[in-house]
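Coordinates in review
These are the residues of each chain, in order.
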Amino acid sequence: MSDPNKEFDGIRQADNPLPEWWKWVFLGCIVFAGIYAVYFHVFSDWGTSEYYAAQIQEYEKEFPNRNVAVESTDGSNPFRGNQDAINAGQKTFQTYCVACHGPTGEGLVGPNLMDKEWLHGNTDLELYATVMKGISVERTKLGRGPMPAHENSLGSEKVYQVLAWLASKNPELKSSK
């Protein structure tokens, strides 16, 4: 039979049992967890999906029209020349685009948006498609990085606003009309 008081590296290990009160608390926690899980998932009407749906409704009441869908029938930017949209587009650009395109759009990882060279088209329709769908690594040109799609993060209204701001700063951006 082995010695219950073992020694390892100068540390003596005693084989003492846990106190009875600790065993009862541990067992009580296990029983409570089981009862709580059954109650929560079977008998309670407060479920996760209902709670999530309620949070979504509350959010939509507090922040209506987060991403307004703006459509263009002819491919042109409906906000081109609208000063309020240009100002909103500049704010959006400074928030989302500045990391890759620089503070004035001169380009960093992403291409320069203020020059005459456009890598993926220079019309409203082409730029809108580029910003909404993004540029994958396979489609990058001239060693520039990929671009994430912004159809879910910004939505059409903010993308058109950013494009209106770009059009106000760069005359090379052509309308699709």
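Overview of the structure. The shown structure was predicted, so the numbers you read here are calculated from the model rather than taken from an experiment.

**Describing the overall build of the chain**
For the chain, the count of helices and strands is 5 helices and 2 strands. Helices (α) and strands (β) of the chain occur, in sequence order from the N terminus, as β-β-α-α-α-α-α. Overall, the C-alpha framework of the chain stretches about 90 × 50 × 25 Å when taken along its three principal axes. For the chain, buried positions account for 28% of its 177 residues. A fraction of 57% describes how many contacts in the chain between residues 6 or more apart in sequence connect residues 24 or more apart. The centroid of the 16 positive side-chain charges in the chain is displaced by 8 Å from the centroid of its 22 negative side-chain charges.

**A look at the state of the cysteines**
In this structure the tally under the stated criterion is 0 disulfides. No disulfide involves Cys-100; its sulfur sits 8.5 Å from that of Cys-97, the nearest cysteine. A relative accessible area of 32% means that Cys-100 is categorised as partly exposed.

**A few points about the packing of helix α4 (residues 124–133) against helix α5 (residues 155–169)**
When two helices pack together, their arrangement is given by the angle between the helix axes and the distance between those axes. It is at 10 Å that the axes of α4 and α5 come closest, and there the two elements cross at 125°. The angle between the axes of α4 and α5 places the two elements in the oblique class. The two elements α4 and α5 cross, and the hand of that crossing is right-handed. Contacts from Asp-124, Leu-127, Tyr-128, Val-131 and Met-132 of α4 reach α5 at Gly-155, Ser-156, Val-159, Tyr-160 and Leu-163. Considering only residue class, the contact of α4 with α5 consists of 7 nonpolar, 2 polar and 1 charged.

**Considerations on a nonpolar patch on the surface**
Taken together, the side chains of Leu-18, Trp-21, Trp-22, Val-25, Phe-26 and Ile-30 define a hydrophobic patch exposed on the protein surface, amounting to about 650 Å² of accessible area. In this fold, Phe-26 is placed in helix α1 (residues 20–43).

Parameters at a glance
Residues numbered from 1 in each chain as written. Predicted model: local features only at pLDDT ≥ 70, side-chain atom pairs only at ≥ 80, totals over all residues. Heavy atoms only, no water. Helix = DSSP H or I, 4+ residues; strand = E, 2+ residues; numbered from the N terminus. Buried < 20%, exposed > 50% of the residue type's maximum accessible area, 1.4 Å probe, protein only. Contact = heavy atoms within 4.5 Å. Lys, Arg positive; Asp, Glu negative; His and termini not counted. Charge placed at Lys NZ, Arg CZ, Asp CG, Glu CD. Disulfide = S-S within 2.5 Å. Axes fitted to C-alpha atoms, helices over the stretch in contact; angles between N-to-C directions. Parallel < 35°, antiparallel > 145°, perpendicular 65-115°, else oblique. Left-handed = near helix turned anticlockwise from the far one by under 90°. Nonpolar A, V, L, I, M, F, W, Y, C, P; charged D, E, K, R; others polar. Patch = residues over 30% accessible without salt bridge, like charges linked within 9 Å, V, L, I, M, F, W, Y side chains within 5 Å. Areas by Shrake-Rupley, 256 points an atom, 1.4 Å probe, with all protein chains shown as cover. Salt bridge = Lys/Arg side-chain N within 4 Å of Asp/Glu carboxyl O.

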